[in-house]
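Fold and geometry: a report
The lines below spell out each chain.
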Amino acid sequence: KNEVEQSPQNLTAQEGEFITINCSYSVGISALHWLQQHPGGGIVSLFMLSSGKKKHGRLIATINIQEKHSSLHITASHPRDSAVYICAVSSYGNKLVFGAGTILRVKS
Amino acid sequence: ETGVTQSPTHLIKTRGQQVTLRCSSQSGHNTVSWYQQALGQGPQFIFQYYREEENGRGNFPPRFSGLQFPNYSSELNVNALELDDSALYLCASSFITSGKEQYFGPGTRLTVT
């Protein structure tokens, strides 16, 4: 079993829909990261959080440390949100352990 | 403030050859981590360098080696290339080793034939 599990693997949504991507982990962590990867490879850090909730524009990330679970929400989704969304956890030393990613496609 | 850069962008090598990939860290960052991302998978941690010393290593054989220079730029060297080494190689820089956001470069796409 992988240390970081994401669901769903693939997600297709209509423009304007509310999207949720889930992440569960099985190891002790110092922080959880949500990352966005576009075709071509570049990775952008969206959030780093260790408790509670963070919001940036239409993106919201939450984490429940007791349940070892995090969610990434996208409100009012747009085709430009289409990308791979990756959950990663860091422990001592800042080594990141990644989930396999969720491929999101938002149709107009 | 400059971002993280990597070179080259793409590279094609033959099995058995050696390759060097380069990463220039974001200004002010003293830690660099290297990751390998096979097609359709999440990245895998190769190793991390902090102040020119290796500071943690993932499950990769010794033919994967690295260097970090006094200006905090970094190299990833892979000897005796195998077909399975074909992947996107990402470097990420951060300040200090733990608890800080990592900034990723655009990656180097390596193809081994």
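Look a little higher up for the structure.
Each chain carries its own residue numbering, running from 1 in the direction its sequence is written. Chain letters start at A and ligand numbers start at 1, both assigned in the order the entries are written. Whole-chain, interface and lining totals are the exception, using all residues; otherwise, since this is a predicted model, local features are given only for residues with pLDDT of at least 70 and side-chain atom pairs are given and counted only at 80 or more. Hydrogen atoms and water are omitted, and side-chain values are computed over all heavy atoms in the structure.

1. Some details on the overall build of chain A
Across its full length, chain A carries zero helices and eleven strands. By definition, any uninterrupted DSSP run of H or I lasting at least four residues is a helix, any uninterrupted run of E lasting at least two residues is a strand, and each is numbered from the N terminus. The secondary structure elements of chain A, listed N-terminal to C-terminal, are β-β-β-β-β-β-β-β-β-β-β. To get the radius of gyration, use the C-alpha atoms; to get the globule rule, take the number of residues to the power 0.38 and multiply by 2.2 Å. Relative to the globule expectation of 13 Å for 108 residues, the C-alpha radius of gyration of chain A, 13 Å, shows essentially globular dimensions. Seen through its C-alpha atoms, chain A measures out along the principal axes to roughly 40 × 30 × 25 Å. Values of accessible area rely on a 1.4 Å probe in the Shrake-Rupley scheme; residue burial ignores everything except the protein chains shown. Entry remark: accessible area of chain A is about 5,300 Å², with carbon and sulfur atoms responsible for 50%.

2. A word on the state of the cysteines
By definition, a disulfide links two cysteine residues through a covalent bond between their sulfur atoms. Residue and element names in this part refer to chain B. The term disulfide is used for any two cysteine sulfur atoms that are within 2.5 Å. Inspection of the entire model under this criterion finds two disulfides over all chains. Across the disulfide from Cys23 sits Cys91; the S-S distance is 2.0 Å. The sign of the S-S torsion, about 75°, decides the handedness of the disulfide formed by Cys23 and Cys91: right-handed. Of the two residues, Cys23 is situated in strand β3 (residues 19-24) and Cys91 in strand β9 (residues 87-94); the sequence distance between them amounts to 68 residues. Each member of the pair, Cys23 together with Cys91, is buried. The buried label applies to any residue whose accessible area, calculated with a 1.4 Å probe on protein chains only, is under 20% of its type's maximum; exposed applies above 50%, and partly exposed to all values in between.

3. Considerations on the pairing of strand β4 (residues 31-37) of chain A
All names here are of chain A. With respect to burial, β4 is a largely interior element, seven of its seven residues being buried. Alternating residues of β4 divide into Ala31, His33, Leu35 and Gln37 and Leu32, Trp34 and Gln36, and every residue in both groups is buried. With seven bridges connecting them, β4 and strand β9 (residues 83-90) associate as antiparallel partners. Note on β9: the bridge partner recorded for Ala31 is Ser90. Pairing between strands is defined by DSSP: at least two bridges between them are needed. Strand direction decides the pairing type here: β4 and strand β5 (residues 43-49), joined by six bridges, are antiparallel. Bridging from a neighbouring strand, His33 pairs with Met48 of β5.

4. Some details on the nonpolar core
Working definition of a nonpolar core: buried Ala, Val, Leu, Ile, Met, Phe, Trp, Tyr and Cys residues. They are joined through side-chain atoms within 4.5 Å. Formed by 22 residues in total, the largest nonpolar core has its most connected members in Leu32(A) and Trp34(A). Among the elements of the structure, β3 (19-25), β4, β5, β7 (59-64), β8 (69-74), β9 and β11 (102-107) of chain A are those that each provide at least two residues to this core. Among the nonpolar cores identified, the runner-up in size contains 19 residues, and Val4(B), Leu21(B), Cys23(B) and Tyr49(B) belong to it.

5. Some remarks on the sheet that holds β8(A)
Residues and elements named next belong to chain A. Strand order across the open sheet formed by five strands is β1-β3-β8-β7-β6, with antiparallel pairing between neighbours. A strand with exactly one partner marks an edge of an open sheet, and here the two such strands are β1 (4-7) and β6 (52-56). For this sheet the average axis-to-axis angle between neighbouring strands, irrespective of direction, equals 15°. Note on method: axes are straight lines fitted to C-alpha atoms, helices fitted across the in-contact stretch only, with angles between N-to-C directions ranging 0 to 180 degrees.

6. Let's talk about the pairing of β3(B)
Residues and elements named next belong to chain B. Sheet analysis places strand β1 (residues 5-7) next to β3, joined by three bridges and oriented antiparallel. Directly across from Ser7, in β3, lies its bridge partner Arg22. Two strands pair when backbone bridges link them, and β3 and strand β8 (residues 74-78) are joined in this way by five bridges, in the antiparallel orientation. Each residue of the ladder has a partner; that of Cys23, found in β8, is Ser74.

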